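Examination of the molecular architecture
If you want the building blocks of each chain, they are given just below.
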Amino acid sequence: MDPIYSKKQSYIIGFSSLLLSLLGMIAIGKTYQLIKNATVYGVQPSESSNIFWLFKPLYLMLGTTKTAFDAWEFFILAMLFLGSIIFFLKKGKDTRLIAFAFSVILISNLVSFPSYIIYIIKGVAKTEGAGKLHYFIFINAALSIVYFGLSFYILKTIKKAKVLDIITTESGTTIKDTPKGQRFFHFIIDTLIMLLVFFPLLLLIADSSSKNDFLKAFLKNELALLAFVFVVRMIYYPFFEIIFGSTPAKFLTESRVVNYLAKHPSGSNVFQRTLCRSIPLNPVSFFWKMGWHDSLSNTHVVKEKRTGFKTWYLLFILLIFIPYITFYYLGEEMIGKYEQQKEYTLTQDYIYSFNDHSIQNINSDQAFTLRELGSQDYEVVILKVEKVNGNEVVCRKIIHPKTFTTGYFDVQELYRQQKDSAETYILNKQDFQNAAPKYLTQMDDSRRNGADFFKNGKKYEIKNIYTLSSPVLVEPNYWSEDEYRRSAIGIIFQNNGKSGKILSVKNLEGDVKWTDHFPVDIKNSKKDGNIYLKAENLKPDENFSVELLVEDSLKHRQLYRVDRKQKPYIHFNIYQLN
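All values reported here derive from a predicted model rather than from experimental measurement.

With that out of the way, let us pick up empty space enclosed by the protein. Here the structure, examined in full by the defined rule, presents 4 cavities of 30 Å³ or more. For the lining of the second largest cavity, the secondary-structure elements that each account for two or more residues are helix H4 (96–125), helix H5 (130–160) and helix H9 (248–253). Tallied by class, residues from the lining of the second largest cavity come to 3 nonpolar, 1 polar and 6 charged.

Quick look at the sheet that holds strand S5 (residues 366–372) now. Two orientations exist for strands paired in a sheet by backbone hydrogen bonds: parallel and antiparallel. Pairing within the open sheet is antiparallel, and its 5 strands lie in the order S8-S7-S6-S5-S9. On the outer flanks of this sheet lie strand S8 (423–428) and strand S9 (460–467), each paired with one strand and no other. Within this sheet the neighbouring strands show an average axis-to-axis angle of 35°, counted without direction. Across 4 bridges, the pairing between S5 and strand S6 (residues 379–389) is antiparallel.

For the rest of this paragraph, the subject is helix H15 (residues 408–418). Tyr408, Val411, Leu414, Tyr415 and Gln418 are the residues of H15 that are buried. Here the buried residues of H15 occupy an arc of 135° about the axis, which is enough to place them on one side. Buried residues along H15 sit against S5, S6, strand S7 (392–401) and S9.

Reading across from one edge, S13-S12-S15-S16-S17 is the order of the 5 strands in this open sheet, with antiparallel pairing throughout. The open sheet has two edge strands with one neighbour each: strand S13 (520–522) and strand S17 (571–576). Pairwise comparison of adjacent strand axes, ignoring direction, gives a mean angle of 30° for this sheet. Where strand S16 (residues 557–565) lies against S17, 6 bridges are found, and the strand directions are antiparallel.

A few words now on the packing of aromatic side chains. One pass over the full model with this rule turns up 25 aromatic pairs. Ring geometry for Phe148 against Phe152: centres 6.4 Å apart, planes inclined by 20°, an arrangement best described as stacked. Note that Phe148 and Phe152 are positioned in helix H5 at a spacing of 4 residues, about one turn of the helix. On the basis of relative accessibility, which here comes to 22%, the residue Phe148 falls in the partly exposed class. With relative accessibility at 29%, the residue Phe152 sits in the partly exposed group. Ring centres of Phe184 and Phe187 lie 6.4 Å apart, and the angle between their planes is 35°; this geometry places the pair in the tilted category. On the criterion of helical spacing, the pair formed by Phe184 and Phe187 is a turn pair, its members being 3 residues apart in helix H6 (residues 180–208). Joined through ring pairs, the aromatic side chains of Phe148, Phe152, Tyr236, Tyr237, Phe239, Phe240, Phe244 and Phe251 make up one cluster. Here the basic side chain of Lys384 rests over the ring of Tyr415, its NZ or CZ set 5.0 Å away from the ring centre. A cation sits over an aromatic face here: Lys397 above Phe454, 4.1 Å from the ring centre.

Moving on: the pairing of strand S3 (residues 255–259). The buried fraction of S3 amounts to 5 of the 5 residues, a majority that puts the element mostly inside the structure. A two-sided burial pattern is seen for S3, the buried positions comprising Ser255, Val257 and Asn259 on one face and Arg256 and Val258 on the other. Sheet analysis places S3 next to strand S4 (residues 299–303), joined by 5 bridges and oriented antiparallel. Residue Asn259 lies in a different strand from S4, and its bridge partner there is Thr299.

With an omega dihedral of 5°, the bond running from Phe518 to Pro519 counts as a cis peptide bond. Position of Pro519 relative to the elements: it lies in the loop between strand S12 (500–509) and S13. One non-glycine residue, Ala262, lies in the positive phi region at around 65°. Along the chain, the position of Ala262 falls in the loop between S3 and helix H10 (267–276). Although it is not a glycine, Asn298 sits at a positive phi angle of roughly 60°. Positionally, Asn298 belongs in the loop between helix H12 (292–295) and S4. Taking the relative accessible area as the measure of exposure, Asn298 reaches 39% and is therefore partly exposed.

So, about the confidence of the model for the protein. In this model, the protein carries a mean pLDDT of 82, and residues with pLDDT of at least 70 account for 82%. Ignoring residues within four places in sequence, the model shows residues 127–132, a span with pLDDT below 50, making 2 contacts including any to other chains.

With that settled, consider the side chain of Arg371. In this fold, Arg371 is placed in strand S5. The side chain of Arg371 is buried and forms no salt bridge, while Glu372, the nearest opposite charge, is found at 6.6 Å. Residue contacts for Arg371: discarding those within four places in its chain leaves Asp377, Glu379, Val380, Phe404, Lys459, Tyr460, Glu461 and Lys463.

If you trace the backbone, Leu468 turns up in the loop between S9 and strand S10 (473–479). Judged by its relative accessible area of 8%, Leu468 is buried. A sequence separation of 101 residues divides Leu468 from Ala367, and the C-alpha atoms of the two residues are 7.2 Å apart.

Below, the discussion takes up helix H3 (residues 71–89). Counted at 1.5 Å a residue, the expected span for H3 with its 19 residues is 27 Å, and the 27 Å between its end C-alpha atoms agrees. For H3, the set of buried residues is Ala71, Trp72, Glu73, Phe75, Ile76, Leu77, Met79, Leu80, Gly83, Ser84, Ile86 and Phe87.

Let us now look at the environment of Glu547. Inspection of the secondary structure puts Glu547 in strand S15 (residues 544–552). In the structure, Glu547 is positioned 15 residues away from Val562 in sequence and 6.3 Å away in space, judged by C-alpha atoms. Beyond its immediate sequence surroundings of up to four residues, Glu547 is in contact with Ser504, Val505, Lys506, Leu508, Leu559, Tyr560, Arg561 and Leu577.

In this structure the tally under the stated criterion is 19 salt bridges. Arg256 serves as the salt-bridge partner of Glu304, at 2.9 Å between the closest nitrogen and oxygen. Remark: Arg256 occurs in strand S3 and Glu304 occurs in the loop between S4 and helix H13 (311–315); sequence separation between them is 48 residues. The burial state of Glu304 is the same as that of Arg256; both residues are buried. One salt bridge connects Arg273 with Asp294, and the closest N-O pair in it is separated by 2.4 Å.

Okay, a nonpolar patch on the surface next. A surface patch of nonpolar side chains, about 340 Å² in accessible area, is lined by Leu19, Leu23, Ile51 and Phe55. Mapped onto the elements, Leu23 comes out in helix H1 (residues 7–40).

What counts, and where the lines are drawn
Residues numbered from 1 in each chain as written. Predicted model: local features only at pLDDT ≥ 70, side-chain atom pairs only at ≥ 80, totals over all residues. Heavy atoms only, no water. 1 Å grid on protein atoms, 1.4 Å probe; cavity = no way out; pocket = protein on both sides within 12 Å on 5 of 7 lines; lining within 4 Å. Points joined across faces, edges and corners; volume = space filled by probe spheres on them. Helix = DSSP H or I, 4+ residues; strand = E, 2+ residues; numbered from the N terminus. Nonpolar A, V, L, I, M, F, W, Y, C, P; charged D, E, K, R; others polar. Pairing = 2+ DSSP bridges. Axes fitted to C-alpha atoms, helices over the stretch in contact; angles between N-to-C directions. Buried < 20%, exposed > 50% of the residue type's maximum accessible area, 1.4 Å probe, protein only. Arc of directions from axis to C-beta. Contact = heavy atoms within 4.5 Å. Phe/Tyr/Trp six-rings, centres within 6.5 Å; stacked < 30°, edge-to-face > 60°. Lys NZ or Arg CZ within 6 Å of the ring centre and 35° of its normal. pLDDT = per-residue confidence, 0-100. Lys, Arg positive; Asp, Glu negative; His and termini not counted. Salt bridge = Lys/Arg side-chain N within 4 Å of Asp/Glu carboxyl O. Expected span 1.5 Å × (residues − 1). Patch = residues over 30% accessible without salt bridge, like charges linked within 9 Å, V, L, I, M, F, W, Y side chains within 5 Å. Areas by Shrake-Rupley, 256 points an atom, 1.4 Å probe, with all protein chains shown as cover.

Below you can see the structure in the form of structure tokens.
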């Protein structure tokens, strides 16, 4: 059997598909990183990094909430990569994925030219930075011409090698029609591609019309959307069906539009066919004998002779499209909620672990804040431990009225004010254990939690535990002397408590090199509340977790854990473990 394509054509189709898909996917990843660093970390991209934008062979978008890493672009290029592998394995006999991907690249670059014109007009109107804008846009436009020309050549070459699927029987010769299920598939895929390709242009036009009152008002009207859909159809379908006889979806199923003589349709046939697509209920009309846009324009959609895998087998590849797009739009939110719940549970676990350790090692430097279970009163009760004799705990009862919460400084000040007049109670360690929730489900639940400390029928729950002579480390963040924040030289903490020392730092996750000579002094918060820890290789976009061993002025030691995470959002967390 003679090869379908010449050696030169095979090289151009196969290697262009492989190279363009790989470069495109790498460029998408790189441009995503540039956008992320600029928007999240404030890192300005270098001039040379703009080259990555030039290797994006298409620009697709649907909606305004996603970043430069566009799942649609990546999906199309992944299909092109897979198509190139199939092309080589089948020795040029299957080009459906390649034709599909290049048809999207073709229309994407065609639609990009009005965008370049708008950008150039806007750049000319500006006096500052216009030169750089023109230089970059002209390079982009030149590469778009290259992508457009390459796509056009490959699609024409592929289409030239295709022949109709003719069925010969005793009664005569017929051309095989495209099944109705595949016709519905055409409608869905082509509609999606139209939106992806033309939506960025619509956004640009809307943005550029902000100073044009008439156009601005029109775009806010519901008729603008209908007009947009109509115009897009009148560009998309005639462009593909007049030149190739196939739209991107039809390339995928090896189908083409023909006239009643099984010949390539005329321009008037195609425009009439496209106009009929705007008839209400037209998309479902082909479930009858013929679709209205077929019968009224006297055209047919027929199958080309299969040269590779069966169409339905190949379409199984697209089954990944459903979970892929579902994850694209819903996965981020689902993962965010999962990570947020995991983070919340972890935080609570640390709190409960700290509370349990503090109660097991209760001492005269501690203060416990309590809330009455089931009470709506705005009042916090503080138990300041004065002495511990075995299981007996001598405490002073401090009252903070008209509040639901009490912080470290509040506890210190209230104790200073009320310690001479406060009532003294002799309590049991078991009361503290009963009042400390062990799980999330026990919070604010008087049936499984709480203690009647004052024998007045009221049950209390421990909300917070403070060690009054210790440092209180809060608000960790990056410490950087680089105005562009490309790197960090350490982390900074706020101390809301007394003086002390950081004895050591232990890496739990990541490989940060800490360069301080320990111990590092922690000054009293009234003198200087900032603590700095130096490091050599901290990067703003990397996670790490460390344990800090802290010693207070009374030689008591506390262990802190510091986490820097990107999920569910970019943040630092600090937990006192004991």
